[in-house]
Amino acid sequence: MSIFSPADILIPKAPYRERFSVVACDQYTSQPEYWQEVSRLVGDAPSALKLIIPESDLSFSGMKERIGQVHAVMQEYLDGGVFDRVPDSYLYIERTLRDGRIRRGLIGMLDLKAYDYGAQSTLPVRATEATVLERIPPRVAVREGGALESPHVMVLFDDPQDRVLTPLSAQKEQMEKLYDFPLMMNSGSVAGWRVDPPKAQALERELQNLGDAKRFFERYGLRVPALVFAVGDGNHSLASAKECYRRLCAQYGEEAMAKHPARYALVELVNLYEPSLDFEPIHRVVFEIDRAHLLKTMRESLRLSEEPAQQPAQQFTLLQGKERKSFYIGAPRANMAVGSLQSFLDDYIGRYSGRCDYIHGDEVVEKLSGEPGCLGFLLPPIDKNEFFKTVLVDGALTRKTFSMGHAWDKRFYLECRRISEKA
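The sections below set out a description of the structure shown in this document. Owing to the predicted nature of the structure, the values given are computational and were not obtained by experimental measurement. Each chain has its residues counted from 1, running along the sequence as written. Only residues with pLDDT of at least 70 are given local features in this predicted model, and only at 80 or more are side-chain atom pairs given and counted; all residues enter the totals for whole chains, interfaces and linings. To obtain the side-chain values, all non-hydrogen atoms of the structure were used and water was disregarded.

With that settled, the discussion passes to empty space enclosed by the protein. Over the atoms a probe the size of a water molecule is rolled, and this reveals where empty space is left. Cavity means a closed set of points on a 1 Å grid over the protein atoms alone, one where a 1.4 Å probe fits but cannot get out, pocket means an open set with protein on both sides within 12 Å along at least 5 of 7 lines, and lining means a residue has an atom within 4 Å of a point. Grid points are joined across faces, edges and corners, and a volume is the space filled by probe spheres set on the points. In total, this model carries six cavities of 30 Å³ or more according to the counting rule given. Considering only enclosed or pocket space, the largest cavity measures out at about 440 Å³ in volume. Strands here mean DSSP runs of E at least two residues long; helices mean DSSP runs of H or I at least four residues long; both are numbered from the N terminus. Secondary-structure elements contributing two or more residues to the lining of the largest cavity are helix 4 (136–143), strand 7 (148–149), helix 8 (235–252) and strand 12 (264–271). For the lining of the largest cavity, the per-class residue count stands at 17 nonpolar, four polar and five charged. The volume enclosed by the second largest cavity comes to roughly 150 Å³. Counting only elements with at least two residues in the lining of the second largest cavity, the list comes to strand 11 (229–233), helix 8 and strand 20 (402–404). Taken together, the residues of the lining of the second largest cavity break down into three nonpolar, eight polar and seven charged. Ten residue types, Ala, Val, Leu, Ile, Met, Phe, Trp, Tyr, Cys and Pro, are classed as nonpolar, four, Asp, Glu, Lys and Arg, as charged, and the remainder, Gly among them, as polar.

Next up, the structure:
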């Protein structure tokens, strides 16, 4: 079995698709009104909204009962004819973003034995950001005991010559088109095609080349274990899948789990160099703090200045509502501004008070930072051309360093796969 392989994929039947497909659970975490509107749009229809728990809801009571409801709905959908089955297949997909650009991808299943989310992992599939451990248990609880998975995981591969996806996009008219429909909340649209066996064979040859040792050394000049796939979005969901698989192996033995569907996770592969793939910084907002005290402490701890003491210099922008001020870090704690800032915020909140949230989009930071007891921090983007090498040399980046696009362009839940053995 290769690292990435075709899967038995379940797709909601045509009448359900527009209300079934909703954005990733880790979006709009400080905007519950978004999820309230999604719930209104979904109504009583079958929907992925009923298979997940948005992170904005994780502080609510009755979570155990709600997870039980999620598991019951999964089985109800499987028994109730909600899905069409596409056996042993890859899906080539094109996501039209809100601005009209198209992001191409490939759906298949990833072998969790080839992946670890540890910061210094040397397995072929690695996390790109440090894992926020407290975000794993709720997702493990949803996956454990559940019959289905539906991915928002996007995994990157380094293909500057675009040898993997271009043959598929050039031949899509020759493939079976499975779906094409608009996504809710003005989030663009998505279309998908089944990759037929001859094209799948050619595709697999190109995927195998990504891990070729000679190619890897020529590309990076590093004699280290090859990084074939890097988790871009959905790191915590994939980490949860790995944790569930570990628990099953501990209970039943690795040999018994060799062919179990939970050994794999459905994901979307995306070329790092896809022209429409934007690396957006993930900003920070801190709540329930004494603004003046935090600023004074931060100035002293990070030796902040309004002019760079040296070049290159780490920089961020502080927001209090519409008021903005840029600072340079004179005493960095990490190799990137996001790492230095996060290290300070972790120490400050641990010692004094406050709560930190990770925000996509300048406008949301501006709105939230204007509230009493809040501050916002805008961070610069990272250079995706240095992305793989940075992970190879430094290990996983600081948690929540980047996001692949705006919140409305994130992956929507759509394709599903059974992860329990059939009764």
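Let us now look at helix 4. Classification of residues uses two cut-offs on accessible area relative to the type maximum, computed with a 1.4 Å probe and protein chains only: under 20% is buried, over 50% is exposed, and between them is partly exposed. Within the sequence span of helix 4, burial applies to Ile136, Arg139, Val140, Val142 and Arg143. The arc that holds the buried residues of helix 4, viewed along the axis, is 160°, so those residues lie on one side. Where helix 4 is buried, its residues meet helix 3 (63–79), strand 7, helix 8, strand 12 and strand 21 (417–418). Positive phi shows up at Gly145, right after helix 4, with a value of about 85°. In this context, the arc is that of the directions from the helix axis out to the C-beta atoms. Here, two residues are considered to be in contact whenever any of their heavy atoms come within 4.5 Å of each other.

So, on to the packing of aromatic side chains. Within 6.5 Å between ring centres, the rings of Phe, Tyr and Trp (the latter by its six-membered ring) count as paired, and their orientation is classed by plane angle as stacked under 30 degrees, edge-to-face over 60, tilted in between. Scanning the entire structure with this criterion turns up 17 aromatic pairs. Note on Phe20 and Phe83: the rings are 5.9 Å apart at their centroids and 80° apart in plane angle, and the pair reads as edge-to-face. Separated by 63 residues along the polypeptide, Phe20 in helix 1 (residues 17–20) and Phe83 in strand 3 (residues 83–96) bring together distant segments of the chain. Given a relative accessible area of 11%, Phe83 falls into the buried group.

So, on to the sheet that holds strand 14 (residues 283–287). We treat two strands as partners when DSSP finds at least two bridges between them. Here we have six strands laid out as an open sheet, ordered 15-17-16-19-14-18, and antiparallel in their pairing. Each of the sheet's edge strands pairs with one partner strand only, and the pair in question is strand 15 (304–305) and strand 18 (355–359). Looking at chain direction, strand 14 and strand 19 (residues 375–378) are connected through three bridges and run antiparallel. Each residue of the ladder has a partner; that of Val285, found in strand 19, is Gly376.

Attention shifts here to the side chain of Ser189. Tracing the sequence through the fold places Ser189 in strand 10 (residues 189–195). A relative accessible area of 19% means that Ser189 is categorised as buried. The contact partners of Ser189, leaving out residues within four places of it in the chain, are Glu94, Arg95, Thr96, Phe181, Pro182 and Leu183.

The salt bridge criterion pairs a side-chain nitrogen of Lys or Arg with a carboxyl oxygen of Asp or Glu, the two atoms within 4 Å. Summed over the entire model, instances satisfying the criterion amount to 32 salt bridges. The residue Lys172 makes a salt bridge to Glu94 at a minimum N-O spacing of 2.9 Å. Taken together, the positions of Lys172 in the loop between helix 5 (166–170) and strand 9 (176–182) and Glu94 in strand 3 put the pair 78 residues apart, joining distant regions of the chain. By relative accessible area, Lys172 is classed as buried at 19%. The buried category is assigned to Glu94, whose relative accessible area is 10%. Of the charged contacts, one joins Arg333 and Asp347 as a salt bridge, the two residues approaching to 2.7 Å between their closest N and O atoms. One end of the pair, Arg333, is in the loop between strand 17 (323–329) and helix 10 (337–351); the other, Asp347, is in helix 10, and 14 residues separate them in sequence. Owing to a relative accessible area of 35%, Arg333 belongs among the partly exposed residues under this scheme. In this structure Asp347 comes out as partly exposed when scored by relative accessible area, which is 45%. Through salt bridges with shared partners, one network takes in Lys13, Arg17 and Asp84.

For strand 14, a buried count of five out of five residues is recorded, marking the element as mostly surrounded by other parts of the structure. Neither face of strand 14 is open: one carries His283, Val285 and Phe287, the other Arg284 and Val286, and all of them are buried. Bridge count for strand 14 against strand 18 is five bridges, and the pairing is antiparallel. Across the sheet, residue Phe287 finds its bridge partner in strand 18, namely Arg355.

These figures come from the coordinates and say nothing about function on their own.
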